[in-house]
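Here is how the chains run, residue by residue.
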Amino acid sequence: MSFFPMFMDMQDLKVLVVGGGNIATEKLEKLVDFTKEITVIASEVSVEANRLIKEHCLTLYQRAYRRGDIEGFDIVIVATDTVELHKAIYEESRGSRILVNSVDNTDYCDFIFPSYVKKNDLTIAFSTGGASPAFAKHIRRHFEKIIPDSVGPFLKKMKALRATMPKGPERMRYFDELVEKYFKENFK
Ligand SMILES: C[C@@]1(CC(=O)O)c2cc3[nH]c(cc4nc(cc5[nH]c(cc(n2)[C@H]1CCC(=O)O)[C@@](C)(CC(=O)O)[C@@H]5CCC(=O)O)C(CC(=O)O)=C4CCC(=O)O)c(CCC(=O)O)c3CC(=O)O
Ligand SMILES: NC(=O)C1=CN([C@@H]2O[C@H](COP(=O)(O)OP(=O)(O)OC[C@H]3O[C@@H](n4cnc5c(N)ncnc54)[C@H](O)[C@@H]3O)[C@@H](O)[C@H]2O)C=CC1
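Looking at an unreviewed UniProt entry, one finds the protein named precorrin-2 dehydrogenase and attributed to Sulfurovum riftiae. Recorded in UniProt for the protein, the comment headed Catalytic activity (unreviewed entry) runs: "precorrin-2 + NAD(+) = sirohydrochlorin + NADH + 2 H(+)".

As structure tokens, then:
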């Protein structure tokens, strides 16, 4: 089965990242925009990962992963070069409600990271389900170029309007017309 695309409120979720190398850093760079409740457990921590940990006041345990470390976390990202650990942590998490992402193998993933474009309130996420992460990156770059910056102010205006008009068919029709007009003017 494929992965369900979902936008999640992560603000109060406790995230554990196992690993402190290149890929852990790439994942951390994204995660810090969504929650500050992040703990890192890694035998070695790169300069870049360390910088992020300090800058965002994340918790760091510089040591190897120990069975039981996942307890109390909502989300665990396994980003190490110890391949067996990815399977082991995934198996350890079964029977709990912890969601696991393993950067090495989709078989050990409850969820995967998408590529995404974020312009103010607009987020467009792309995934190939692991078929070609490079493709996800390139299609993200393509869309980054074609989404106009005006989308930010436009969505801000729409959000404000939603708060001022009562719900119902009239409002729905009006909003749809406004968006249609925006599209005609901004997407050729
Ligand atoms: C399954 C998944 C699990 C997960 O990480 O959640 C996963 C797994 C693996 N990636 C690998 C390789 C690469 N990953 C990237 C890049 C990204 N990878 C991301 C997500 C995902 N990668 C998830 C699936 C997403 C999907 O398919 O849509 C992105 C989209 C998001 C992010 O990382 O936040 C981010 C782009 C962000 C952006 O720029 O927008 C590049 C390109 C590059 O780095 O320039 C390469 C090299 C080229 C290539 O292989 O395509 C390998 C093999 C490693 C090896 O060969 O050693 C594995 C493991 C395997 O496939 O077995
Ligand atoms: N999902 C993705 O987007 C991609 C995934 N990968 C995969 O990501 C994995 C990691 O790659 P890099 O970050 O470049 O490696 P790296 O060598 O830079 O980092 C590995 C990190 O894991 C830590 N580590 C290893 N065993 C550990 C243990 N038992 N407990 C705690 N920490 C441990 C190391 O100390 C180090 O911090 C590789 O398996 C690679 O195949 C690679 C490219 C993209």
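Draft legend 1. Molecular detail of the site of ligand 2. Lining the immediate environment of ligand 2, one finds 21 residues, of which G20, I23, E44, Y65 and T82 sit closest. Separating an oxygen atom of ligand 2 from a backbone N or O atom of E44 is a distance of 2.6 Å. Within the backbone of V103, a nitrogen or oxygen atom sits 3.1 Å from a nitrogen atom of ligand 2. Protein coverage of the free-state accessible area of ligand 2, which is 870 Å², stands at 69%. Residue contributions to the shell around ligand 2 peak at three residues, all from helix 1 (residues 22-31).

Draft legend 2. Local environment of the domain arrangement of the protein. By domain assignment, the protein separates into domain 1 (15-113) and domain 2 (151-186). Put simply, the middle of domain 1 and the middle of domain 2, counted by C-alpha atoms, are 40 Å apart.

Draft legend 3. Highlighting helix 6 (residues 169-186). Under the 1.5 Å per step criterion, the end-to-end length of helix 6 is 26 Å for 18 residues, consistent within 8% with the ideal 26 Å. In this structure, the buried side of helix 6 is in contact with helix 5 (151-164).

Draft legend 4. Highlighting the environment of F113. Residue position: F113 is located in the loop between strand 5 (99-102) and strand 6 (115-119). Each C-alpha atom of the pair F113 and F126 lies 9.1 Å from the other, and the pair is 13 residues apart in sequence. The contacts of F113, once residues within four sequence positions are left out, are K27, L31, I77 and N101.

Draft legend 5. Looking closely at the nonpolar core. Within the largest apolar cluster, 18 residues are counted, with the highest numbers of intra-cluster contacts made by V15, V17, L28, L31 and I38. For this core, the secondary structure elements donating two or more residues are strand 1 (15-18), helix 1, strand 2 (38-41), helix 2 (47-55) and strand 4 (75-78). Sequence-distant contacts of L28, defined by excluding residues within four places in its chain, comprise V17, I38, V40, L52 and L58.

Draft legend 6. Spatial organisation of the site of ligand 1. In the region of ligand 1, 20 residues are neighbours, and K27, S115, T128, K137 and R140 sit closest. Here an oxygen atom of ligand 1 sits 2.8 Å away from a polar atom, N or O, in the side chain of N101. Within the residue set of the shell around ligand 1, elements represented by two or more residues are helix 1 and helix 4 (133-146). If one sorts the elements of the shell around ligand 1 by residue count, helix 4 sits on top with five residues. Looking at the shell around ligand 1 residue by residue, the classes come out as eight nonpolar, seven polar and five charged.

Draft legend 7. Representation of the UniProt feature "domain: Siroheme synthase central" (unreviewed entry) in the protein in the model. According to UniProt, the feature "domain: Siroheme synthase central" (unreviewed entry) maps to residues 121-145 in the numbering used here. The span residues 121-145 carries 52% helix and 20% strand; its end-to-end C-alpha distance comes to 17 Å.

Draft legend 8. Focus on the side chain of S93. Take S93: it is sitting in helix 3 (residues 83-93). Judged by its relative accessible area of 0%, S93 falls in the buried class. Within polar-contact distance, the side chain of S93 engages the side chain of R94 at 2.9 Å. In this structure, S93 is in contact with I70, I98 and V100, ignoring residues within four places of it in sequence.

What counts and how
Residues numbered from 1 in each chain as written. Chains lettered and ligands numbered in written order. Predicted model: local features only at pLDDT ≥ 70, side-chain atom pairs only at ≥ 80, totals over all residues. Heavy atoms only, no water. UniProt positions renumbered as here; feature names shortened; annotations may be inferred. Near = heavy atom within 4 Å. Polar contact = N/O pair within 3.5 Å; in protein donor to acceptor, adjacent residues only side chain to side chain. Areas by Shrake-Rupley, 256 points an atom, 1.4 Å probe, with all protein chains shown as cover. Helix = DSSP H or I, 4+ residues; strand = E, 2+ residues; numbered from the N terminus. Domains from an automatic or database assignment. Expected span 1.5 Å × (residues − 1). Contact = heavy atoms within 4.5 Å. Core = buried A, V, L, I, M, F, W, Y, C linked by side-chain atoms within 4.5 Å. Buried < 20%, exposed > 50% of the residue type's maximum accessible area, 1.4 Å probe, protein only. Nonpolar A, V, L, I, M, F, W, Y, C, P; charged D, E, K, R; others polar.

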